Amino acid sequence: MNQLKGKTVIVTGASGGIGLEIARLAAEKGARTVLLARSLAKLESIQAELAEKYGAEVYVYQLDVSDANMVEQVFKKIFDTVGEADVLVNNAGYGIFKEADQTDAKEAEAMFRVNVLGLMACTNMVLPAMKRRRQGHIMNIASQAGKIATPKSSLYSATKFAVLGYSNALRLEVMEYGIHVTTVNPGPVETNFFSIADESGSYAKSIARFMLKSEEVAAKVVGAMLTNKREINLPGWMNAAGKLYTLFPGTAEFFGKKAFFKK
Ligand code: NJP
């Protein structure tokens with residue numbers, strides 16, 4: 001049974017990378033798909049492609065999730081034009097790999113505004129209707145960096161730890177309304193993320209063989225839509241490493257030193 005047919009799926013950061021693949025797959029499965037990002041021209045060309053390929057009902061809106069007023073205006077427009085959300089995928093985000101003392105307050109504030117406050121603002125827009133309808137699904141793209149913090153990831157990890165903390169509390173709060181909250185924690189994924197996070201390209205090169213494809217991540221996310229999956233952790237070996245790290249952090253840091261200092 002295709003559980004997404006006729007459902008409304010909103011994806012932030014859908015102009016490329018993981019968000020685009022999630023939107024593409026949701027559209028292919030018959031969802032009414034709403035794509036949000038800052039790059040409107042990219043969204044419009046994706047809209048045309050998805051409409052042609054899948055005959056999909058696709059809507060696009062320009063949105064910078066770090067702008068709280070814009071979040072409010074755009075979501076109101078979506079509710080008026082498209083309808084209420086069945087699934088919200090909070091995917092917009094970025095990282096910058098730098099040591100803590102090389103990171104200034106402006107960079108920290110900007111990243112928190114997108115990765116954390118933006119995600120919270122979008123969630124708050126869809127929650128009232130989800131609670132009223134006693135159904136819905138919030139899927140938050142966090143990271144393995146929200147489970148294991150490594151050098152040059154202090155700021156990025158802090159934002160993703162925040163996303164996991166927020167999501168874990170939210171899941172309990174909305175459980176009684178039949179609303180699901182899933183966190184998605186991928187390892188490195190081959191996307192434009194690294195051209196922002198790792199300008200030199202050296203980290204991306206050193207871990208190229210471990211990189212996931214955005215299509216793989218998207219398949220897991222879309223496959224879990226409207227189910228009560230708590231977390232999606234991938235790849236499996238990194239999930240296992242994350243569990244060991246939680247149990248024995250000191251030992252894991254000692255033996256994992258070589259891997260931890262790859263950035
Ligand atoms: O990155 P990329 P990913 N307001 O750069 C949008 C997490 N993750 O797909 O606004 C609204 O290809 C941007 O669009 P635009 C990562 O932390 C990744 O890899 O037009 N949208 C684009 O569509 C992030 O949360 C890896 O520039 C904004 C999208 O976000 C998510 O996965 C590993 C925005 C970014 O696409 C997607 O990242 C991991 C804003 N202010 C977690 N700023 C990885 N790639 O290795 C950016 O564990 N966007």
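As a starting point, this report considers the structure included with it. Just so it is clear, the structure is predicted and the values come from calculations on it, not from any experiment.

### Examining the pairing of strand β5 (residues 136-141)
Among the six residues of β5, six are classified as buried, and the element is accordingly described as predominantly covered. Here β5 shows no split at all, with Gly136, Ile138 and Asn140 on one side and His137, Met139 and Ile141 on the other all buried. Here strand β4 (residues 87-90) pairs with β5 via four bridges, running parallel. By the bridge assignment for β5, Leu88 is matched with Ile138. At this point the chain moves from β4, through helix α4 (residues 105-133), to the parallel β5, and the crossover so formed is right-handed. As paired elements, β5 and strand β6 (residues 179-186) share six bridges and run parallel to each other. In the sheet register, Met139 faces β6, and the bridge partner there is Thr182. Taken together, β5, helix α5 (residues 154-174) and β6 constitute a β-α-β crossover, and its handedness is right-handed.

### Considerations on the nonpolar core
The biggest cluster of nonpolar side chains holds 44 residues, and the ones touching the most others in it are Ile10, Leu36, Leu63, Phe75, Ile78, Ile138 and Phe194. At the level of elements, β2 (32-37), α3 (68-81), α4, α5, β6, α6 (193-197) and α7 (202-206) are the ones that each hand at least two residues to this core. With nine residues, the top contributor of residues to this core is α4. Those residues in contact with Ile10, other than ones at most four positions away along the chain, are Val34, Leu36, Phe75, Ile78, Ala85, Val87, Leu88 and Val89. Membership of the second largest hydrophobic core comes to 34 residues, among which are Ile22, Ala37, Ala224 and Ile232.

Rules and cut-offs
What you see as residue numbers is a count from 1 along each chain, following the sequence as written. For this predicted model, a pLDDT threshold of at least 70 governs which residues receive local features, and a threshold of 80 or more governs which side-chain atom pairs are given and counted, while totals over whole chains, interfaces and linings are taken from all residues. Excluding hydrogens and water, the side-chain values take into account all heavy atoms of the structure. Only protein chains enter the accessibility calculation, which uses a 1.4 Å probe. A residue is then buried if its area is under 20% of the maximum for its type, exposed if over 50%, and partly exposed in between. Helix and strand assignments follow DSSP, with helices taken as H or I runs no shorter than four residues and strands as E runs no shorter than two, numbered in order from the N terminus. In this analysis, strands are considered paired if DSSP registers two or more bridges between them. Here is how to tell: hold the view so the strands point away, follow the path from the first strand over the helix to the second, and if it runs clockwise the crossover is right-handed. Each nonpolar core is a collection of buried residues, namely Ala, Val, Leu, Ile, Met, Phe, Trp, Tyr and Cys, held together in the definition by side-chain atoms within 4.5 Å. We call two residues in contact when some of their heavy atoms are within 4.5 Å.

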